[in-house]
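Chain residues, written in single-letter form:
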Amino acid sequence: PDEQNPLCQGGGTTTGLVLGTDFITDVLLISMTVEQPLVLKPGLLATNSVLRTLSEAFSKAGTNLLDIDAGEIGAEFRPALTDLGRVGMEAEIYLYDTLPGGAGFAGFVGDLGIDLFEKALAILEKCPDDCDQSCYRCLRSYKNKFEHGLLDRHLGASLLRYLLTGAPPIIDSTRLDRSTELLFADLE
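What counts as what
Residues numbered from 1 in each chain as written. Predicted model: local features only at pLDDT ≥ 70, side-chain atom pairs only at ≥ 80, totals over all residues. Heavy atoms only, no water. Axes fitted to C-alpha atoms, helices over the stretch in contact; angles between N-to-C directions. Helix = DSSP H or I, 4+ residues; strand = E, 2+ residues; numbered from the N terminus. Parallel < 35°, antiparallel > 145°, perpendicular 65-115°, else oblique. Left-handed = near helix turned anticlockwise from the far one by under 90°. Contact = heavy atoms within 4.5 Å. Nonpolar A, V, L, I, M, F, W, Y, C, P; charged D, E, K, R; others polar. Core = buried A, V, L, I, M, F, W, Y, C linked by side-chain atoms within 4.5 Å. Buried < 20%, exposed > 50% of the residue type's maximum accessible area, 1.4 Å probe, protein only. Pairing = 2+ DSSP bridges. Salt bridge = Lys/Arg side-chain N within 4 Å of Asp/Glu carboxyl O.

What follows covers the packing of helix 4 (residues 114-125) against helix 5 (residues 153-165). Running from N to C, helix 4 and helix 5 cross one another at 150 degrees; their axes reach a closest spacing of 8 Å. Taken together, the axis directions place helix 4 and helix 5 in an arrangement best described as roughly antiparallel. When the axes of helix 4 and helix 5 are compared, the crossing they make is left-handed. Of the residues in helix 5, those touching helix 4 at Ile114, Phe117, Ala120, Leu121, Leu124 and Glu125 are Arg153, Gly156, Ala157, Leu160, Arg161 and Leu164. Class assignment of the residues belonging to the contact of helix 4 with helix 5 gives a composition of eight nonpolar, one polar and three charged.

Further remarks concern the nonpolar core. In a soluble, globular protein the nonpolar side chains are often hidden away together inside. Ranked by internal contacts, the top residues of the largest apolar core, which has 36 residues, are Leu54, Phe58 and Leu95. Breaking this core down by element, the ones donating at least two residues are strand 1 (27-33), helix 1 (45-66), strand 2 (73-79), strand 3 (90-97), helix 3 (105-111), helix 4 and helix 5. Among the elements that line this core, the one with the most residues is helix 1, at six residues. In this structure, leucine 54 is in contact with Met32, Ile93, Leu124, Gly156, Leu159 and Leu160, ignoring residues within four places of it in sequence.

Here three strands make up an open sheet; going across it, the order is 1-3-2 and the pairing antiparallel. Of all the strands in the sheet, the pair left with one neighbour each is strand 1 and strand 2. The mean angle between the axes of side-by-side strands here comes to 20 degrees, regardless of whether they run parallel or antiparallel. In this sheet, strand 3 lies alongside strand 1 in antiparallel orientation, the contact comprising seven bridges. Counted as the bridge partner of threonine 33 is glutamate 90 from strand 3. Lying over the sheet, helix 1 contacts strand 1, strand 2 and strand 3, oriented at roughly 150 degrees with respect to strand 2.

When charged atoms on two side chains of opposite charge get close, those side chains can pair. Taken as a whole, this structure holds seven salt bridges when the rule is applied. Across the salt bridge formed by arginine 52 and glutamate 56, the nearest N and O atoms sit 3.3 Å from each other. A residue pair is termed a helical-turn pair when its members lie 3 or 4 positions apart in one helix, as arginine 52 and glutamate 56 do in helix 1 at four residues. The same class applies to arginine 52 and to glutamate 56, which are both buried.

What follows is about the environment of glycine 74. Within the secondary structure, glycine 74 is located in strand 2. Between the C-alpha atom of glycine 74 and that of lysine 143, which follows or precedes it by 69 residues, the distance is 9.4 Å. Apart from residues lying up to four places away in sequence, glycine 74 is in contact with Tyr94, Leu95, Tyr96 and Thr98.

So, in structure tokens, the structure goes:
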């Protein structure tokens, strides 16, 4: 171990080094709890898709409601750091100020209360282009270009409706039929 380098702890040598930066900023934590049969199991594609979608919707809703630049608030998600989080029953989305030191935007977003959730649901349900999954008019941006394949506004709206009203999440039969046809074509 190298006592001068806190990144090199334990025995042996360091085979890889991750470079990054830490900065203090303002954060808003949104915790979600679901009940069976719904599960947000960490690491599953469906979980990553719905939580990434909700993260982007909350970020966009917050910046729209505060009338600030879209890049001023970032969003990420994780399983909750609880027993329920480990089994997929609780997840967290956190919104943060992208400015080191914080500008207070995350706190202002928290003050929006239910308006944030309603605006996010409107973004997910009412795309101006009525796209199938996501587009630059609703959720996509240059900032999230590597996640475009994960964004599904219908899936996100279904989970958010469940969280707000308790309505069971559903998949539209037309989308389900289209997905089944695509899968069948791939299998052929």
